[in-house]
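A look at the structure
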Amino acid sequence: MSMSGRSPERTPQLIVTPPKTLESLLETLAIIDRVSERVSEDRSGDMGGAGAAGATQGGASQSQQTARQIALQNLPDAAQMQKAIILHIGKEVKTLRREVRTLTRNIGSPGGAHKLNELYGKIRLLNAILRQMLSASYDSLKRLYVKVFVDRQTVLG
């Protein structure tokens, strides 16, 4: 019996399940993006005496927003977006496989097996996204396309 008076069999266990579809993955990423935007907005308001520097940075962010808005208005059709995303993910998988090859040469280094396992996990996740791209809706394609090509973020990041 443990010190808290509860037996180990009764402790609740947390079970984490991965998202089932690309849409749920993209929704999760969108929520994370919204939270990070809110946090960065809250921090920028607390700058105090750096008002002049904030004003010049605000003008730069407005021009970036207009460039983003222009890019959003000129999105290609679904087939072209799907093709571009598939090519981009293929390049990422190729880069990860190259990292795996170089890492397997030095597998004896500390943490090498862990890093190798993480790389294979990323490759499996990217391949799963590729499989789901064939049946993804237009909105899912659009969100992923905007994230990768307009906002210049990584697919997994």
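Residues numbered from 1 in each chain as written. Predicted model: local features only at pLDDT ≥ 70, side-chain atom pairs only at ≥ 80, totals over all residues. Heavy atoms only, no water.

Digging into the packing of helix α3 (residues 78–105) against helix α5 (residues 138–150)
For any two helices packed against each other, one specifies the crossing angle of their axes together with the interaxial distance. It is the contact of α3 with α5, at a shortest axis distance of 10 Å, that shows an interaxial angle of 50 degrees. By the criterion of interaxial angle, the relationship of α3 to α5 is oblique. Of the two possible hands of crossing, α3 and α5 adopt the one that is left-handed. Together, A78, M81, Q82, A84, I85 and H88 of α3 and Y138, L141, K142, L144, Y145, V148 and F149 of α5 make up the contact between the two elements. Tallied by class, residues from the contact of α3 with α5 come to 10 nonpolar, two polar and one charged. (Axes fitted to C-alpha atoms, helices over the stretch in contact; angles between N-to-C directions. Helix = DSSP H or I, 4+ residues; strand = E, 2+ residues; numbered from the N terminus. Parallel < 35°, antiparallel > 145°, perpendicular 65-115°, else oblique. Left-handed = near helix turned anticlockwise from the far one by under 90°. Contact = heavy atoms within 4.5 Å. Nonpolar A, V, L, I, M, F, W, Y, C, P; charged D, E, K, R; others polar.)

Considering the nonpolar core
In terms of nonpolar packing, the biggest core is built from 22 residues, with I85, I89, L126, I129, M133, L144 and V155 touching the most fellow members. Every element with two or more residues in this core is listed here: α3, α4 (112–133) and α5. Ranked by residue count, the leading element in this core is α3, at seven residues. (Core = buried A, V, L, I, M, F, W, Y, C linked by side-chain atoms within 4.5 Å. Buried < 20%, exposed > 50% of the residue type's maximum accessible area, 1.4 Å probe, protein only.)

A closer look at the confidence of the model for the protein
For the protein, mean pLDDT is 74; residues scoring 70 or higher make up 61% of the total. Here residues 39–56 is a poorly scored stretch, pLDDT under 50, and it has zero contacts once near neighbours within four places are set aside; other chains count. (pLDDT = per-residue confidence, 0-100.)

Notes on the packing of aromatic side chains
Under the criterion given, the structure shown has one aromatic pair. Geometrically, the ring pair formed by Y145 and F149 is tilted, given 4.8 Å between the ring centres and 40 degrees between the ring planes. Taken together, the residues Y145 and F149, both in helix α5 and four residues apart, mark about one turn of the helix. For Y145, a relative accessible area of 14% puts it in the buried group. (Phe/Tyr/Trp six-rings, centres within 6.5 Å; stacked < 30°, edge-to-face > 60°.)

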